[in-house]
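# Understanding the architecture of this molecule
Chain residues, written in single-letter form:
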Amino acid sequence: MRRRLSRQSSFTSVSSATSLASQIPPSLSDANLPLPKLIIFDLDYTLWPFWVDTHVTPPLKPNATRSLATDRHGEEYSFYSDVPQILQLLPKAAPGAIKLGVASRTHAPNLARDLLKMLHLPPAQEGDKSRRALDVFDAGLEIYPGSKLRHIEMLQRRTGIQFEDMLFFDDESRNKETESLGITMRLVRDGVCWAEIEKGVEDWRKRKGFRKGGALNGA
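Residues numbered from 1 in each chain as written. Predicted model: local features only at pLDDT ≥ 70, side-chain atom pairs only at ≥ 80, totals over all residues. Heavy atoms only, no water.

Take the sheet that holds strand E2 (residues 61–62) next. Strand order in this open sheet of three strands is E2-E3-E4, and the pairing throughout is antiparallel. A single partner strand is all that each edge strand has here, and the edge strands are E2 and strand E4 (76–77). Where strand E3 (residues 69–70) lies against E4, two bridges are found, and the strand directions are antiparallel. Each bridged residue has a counterpart across the sheet, and for Thr-70 the counterpart in E4 is Glu-76. (Pairing = 2+ DSSP bridges. Helix = DSSP H or I, 4+ residues; strand = E, 2+ residues; numbered from the N terminus.)

Below, the structure is given as structure tokens:
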């Protein structure tokens, strides 16, 4: 069944009075607990609330702040509301230790890439500049039709990161097959938000055998 197209509000910049660290959930900044080395995101209904290959009609035009884009029919497209901040701050939970990647099954890969170039993330803190969403995915983009197994395998080859050190967010239960590789997949139904990120990291830690306090289960 076709899902209803959701509209998203424009992002706002992070308050300069709020420290960057305070915006990262405590469960992600606990030095006693590990974090995934690679966090992978699907796009459609995971980072944004639409199917790019069926909902979006090019050409696209960004608004003044590049927080959303409008297509030929005047429909507006952007990320789920928490996503811009998540993409900015997640790598800062463990600087230099977390990479981000994309694994998306779509028949409009060029349009998906164009949208990632067009949508900008707000500054994470005072003095920062906004940047293209495309630029945060330092592990690379796997955007094309086919099994997500191939997408994940290609990301592994590119980064050299072990499958068990990966966490994958996706909205389709069929993509649970990727766990056969050794990764952890978090199934999301209403898009990625901070609560889903925390639950995903908790799932990954459990799969790795960690619990609160930093000890291995059974140790």
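A regular strand places its side chains on the two faces of the sheet in alternate fashion. Burial of strand E1 (residues 38–41) is two-sided: the residues Leu-38 and Ile-40 facing one way and the residues Ile-39 and Phe-41 facing the other way are all buried. Relative to strand E9 (residues 166–170), E1 runs parallel, the two sharing four bridges. From the neighbouring strand, Ile-39 faces E9, where its bridge partner is Leu-167. (Buried < 20%, exposed > 50% of the residue type's maximum accessible area, 1.4 Å probe, protein only.)

Quick look at unusual backbone geometry now. Cis peptide bonds are those with omega within 30 degrees of zero, and the linkage from Pro-58 to Pro-59 qualifies with 5 degrees. Considering the arrangement of structural elements, one finds Pro-59 in the loop between E1 and E2. Phi at Tyr-45 is positive, roughly 60 degrees, even though this residue is not glycine. Mapping Tyr-45 onto the fold places it in the loop between E1 and E2. In this structure Tyr-45 comes out as buried when scored by relative accessible area, which is 3%.

Before going further, it helps to examine the confidence of the model for the protein chain. On average, the protein chain scores 88 in pLDDT, and the residues at 70 or more come to 86%. Counting interchain partners and residues more than four positions distant, the pLDDT-below-50 stretch residues 1–18 has 42 contacts. (pLDDT = per-residue confidence, 0-100. Contact = heavy atoms within 4.5 Å.)

Attention now goes to the side chain of Asp-42. Its place among the elements puts Asp-42 in the loop between E1 and E2. There is a polar contact of 2.9 Å between the side chain of Asp-42 and the side chain of Thr-46. Excluding residues within four positions of it along the chain, Asp-42 makes contact with Leu-47, Ala-103, Ser-104, Arg-105, Lys-148, Phe-168, Phe-169, Asp-170 and Asp-171. (Polar contact = N/O pair within 3.5 Å; in protein donor to acceptor, adjacent residues only side chain to side chain.)

Now for the nonpolar core. Soluble globular proteins: nonpolar side chains tend toward being buried together. Judged by nonpolar contacts, the single largest core of 50 residues is most densely connected at Phe-41, Trp-48, Phe-79, Leu-116, Phe-137 and Ile-197. Every element with two or more residues in this core is listed here: E1, helix H1 (83–89), strand E5 (99–104), helix H2 (109–118), strand E8 (140–143), E9 and helix H4 (194–208). Setting aside residues up to four positions removed in sequence, Ile-197 forms contacts with Leu-28, Phe-41, Ile-86, Leu-90, Phe-169 and Val-192. With twelve residues, the next largest nonpolar core counts Ala-139, Leu-155, Phe-163 and Met-185 among its residues. (Core = buried A, V, L, I, M, F, W, Y, C linked by side-chain atoms within 4.5 Å.)

Turning next to H4. The terminal C-alpha atoms of H4 lie 21 Å apart, and with 15 residues this matches the ideal 21 Å at 1.5 Å per residue to within 8%. Among the residues making up H4, those that are buried are Trp-194, Glu-196, Ile-197, Gly-200, Val-201, Trp-204 and Arg-205. Structurally, H4 contributes buried residues whose contacts are with E1, H1, E9 and strand E10 (184–187). Looking one or two places after H4, you find Gly-209, whose phi comes out positive at around 95 degrees. (Expected span 1.5 Å × (residues − 1).)

Another point: the side chain of Ser-78. When you line up the elements, Ser-78 lands in the loop between E4 and H1. In this structure Ser-78 comes out as buried when scored by relative accessible area, which is 7%. At 2.5 Å, the side chain of Ser-78 forms a polar contact with the backbone oxygen of Ser-67.

With that out of the way, let us pick up helix H3 (residues 148–159). Note on helix geometry: an α-helix contains 3.6 residues per turn, so any two residues three or four positions apart are oriented the same way. In this model, H3 (twelve residues) spans 17 Å end to end at C-alpha, consistent with the 16 Å of a helix rising 1.5 Å per residue. Restricting attention to buried positions, one finds in H3 the residues Lys-148, His-151, Ile-152, Leu-155 and Gln-156. Along the axis of H3, the buried positions cluster into a sector of 135 degrees, meaning they face one direction only. Between the side-chain oxygen at the start of H3 and the backbone nitrogen of Leu-149 there is a gap of 3.0 Å, and the oxygen is on Ser-147. (Arc of directions from axis to C-beta.)

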